[in-house]
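Working through the structure, step by step
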Amino acid sequence: MELLPNSRTETDGSAVVRVLSYNIRSMRDDTGALARVIGACAPDLVLVQEAPRFFRWRKKLARLAAASGLVILSGGAPAAGPALLCGLRATVERTEDVLLPLTPGEHRRGLATAVVRFGGARLGVLSCHLSLRPDERYAQGGMLLDRLAAMGVEHAIAGGDLNERPDGPTFRRLADGLQDGWATKPWGGEHTWTRAGPYQRIDAVFATRGIEVLGCGVPHGHPGVSEADLRAATDHLPVLAAVRIPAA
């Protein structure tokens, strides 16, 4: 399998950045395997879903970040589950945790967002975990796009667990406004769920139009990522993307 480009800053100020989106199921599985998968992917940014939200949630997430060579950027309990981790290469401009409207009887949902810089490149980042309920999910997809548009950045990455396949209306809504990483430049594996045998793609990384997607998919065969660790870490498979962000 062709290797994804390594992170780097180009002479023109643009930056190659690795982004990992991962539903970690509240760290209820093998946290050692989880940290090994994340670390082997060498991401600059991790878009987490189902981060710990309750007792000592911040300590649990901080331990995972440290074991993966990263730090907490935003999210977790204040965003109702989505979180962002980053490497020290990122210069943080601002962060914001956003709670979405609550539908009675459904889980609270939210967005973890940030604006960061890599070299001369400025990037908005958003992690999401959309509803299981189709009408609520579709509305949340619109709120996600609105939030990206309001971040005041030319270039942005959004990713997460959409709870919907690419032929669904919410997935299509996002793909109409953004680049779907896998559809744009497929790399690695496609299917992200379930633990017993992934058979559908419900997790994705999206990019605004000015970003060049260099490769995106499940990191099967990536150096240091074992199939045993992928199965033990959580019930989803991660999505790893390499993108080139133009200089601001």
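Note: the structure precedes this text.
All values derive from a computational prediction rather than experimental measurement.

1. What about empty space enclosed by the protein?
For the structure shown, the criterion picks out two cavities of 30 Å³ or more. Reported here for the largest cavity is a volume of approximately 50 Å³. Along the wall of the largest cavity there are 13 residues; nearest its centre are Trp182, Arg201, Asp203, Ala204 and Val239. Of all the secondary structure elements, the ones that give two or more residues to the lining of the largest cavity are α5 (181-184), β11 (203-207) and β12 (212-217).

2. Re the nonpolar core
In this structure, Tyr22, Leu34 and Ile38 are the most contacted members of the largest nonpolar core, which totals 32 residues. Of all the elements in the fold, those that place two or more residues in this core are β2 (15-23), α1 (31-41), β3 (45-49), α2 (57-67), β5 (83-86), α6 (227-233) and β13 (239-245). Among the elements that make up this core, the one with the highest residue count is α1 (seven residues). Contact partners of tyrosine 22, with chain neighbours within four places excluded, come to Leu34, Val37, Ile38, Leu47, Val48, Gln49, Leu230, Ala233, Thr234, His236, Leu237 and Pro238. Val19, Leu45, Leu47 and Val125 belong to the second-largest nonpolar core, a separate cluster that totals 27 residues.

3. Focus: the packing of helix α3 (residues 134-149) against helix α4 (residues 169-177)
In contact at an axis separation of 9 Å, α3 and α4 are set at 15° when each is read in the N-to-C sense. Classed by the angle they form, the pair α3 and α4 counts as roughly parallel. Regarding α3 and α4, the two cross each other, and that crossing is right-handed. Note on element contacts: α4 touches α3 through Pro169, Thr170, Arg173 and Leu174, opposite Pro134, Arg137, Tyr138, Ala139, Gly141, Gly142, Leu144 and Leu145. Grouping the amino acids of the contact of α3 with α4 by side-chain chemistry returns seven nonpolar, three polar and two charged.

4. Some words on the layout of surface pockets
In this structure, the largest pocket encloses a volume near 270 Å³. What lines the largest pocket is a set of 14 residues, among which Glu50, Arg53, His107, Arg109 and His129 lie closest to the centre. Looking at the lining of the largest pocket residue by residue, the classes come out as five nonpolar, five polar and four charged.

5. Details of the sheet that holds strand β8 (residues 121-129)
In space, the six strands of this open sheet follow the order β6-β7-β8-β9-β11-β10, with mixed pairing throughout. Strand pairing shows two members of the sheet lacking a second neighbour, β6 (91-99) and β10 (179-180), which therefore form its edges. Relative to strand β9 (residues 156-161), β8 runs parallel, the two being bridged by six bridges. Bridge pairing links leucine 126 to alanine 158 in β9. Sheet strands in contact with α3 are β6, β7 (110-118), β8 and β9, and its direction is about 160° off that of β8. In the packing of α4 onto the sheet, contacts are made with β10 and β11, and the angle to β11 comes to roughly 25°.

Conventions and cut-offs
Residues numbered from 1 in each chain as written. Predicted model: local features only at pLDDT ≥ 70, side-chain atom pairs only at ≥ 80, totals over all residues. Heavy atoms only, no water. 1 Å grid on protein atoms, 1.4 Å probe; cavity = no way out; pocket = protein on both sides within 12 Å on 5 of 7 lines; lining within 4 Å. Points joined across faces, edges and corners; volume = space filled by probe spheres on them. Helix = DSSP H or I, 4+ residues; strand = E, 2+ residues; numbered from the N terminus. Core = buried A, V, L, I, M, F, W, Y, C linked by side-chain atoms within 4.5 Å. Buried < 20%, exposed > 50% of the residue type's maximum accessible area, 1.4 Å probe, protein only. Contact = heavy atoms within 4.5 Å. Axes fitted to C-alpha atoms, helices over the stretch in contact; angles between N-to-C directions. Parallel < 35°, antiparallel > 145°, perpendicular 65-115°, else oblique. Left-handed = near helix turned anticlockwise from the far one by under 90°. Nonpolar A, V, L, I, M, F, W, Y, C, P; charged D, E, K, R; others polar. Pairing = 2+ DSSP bridges.

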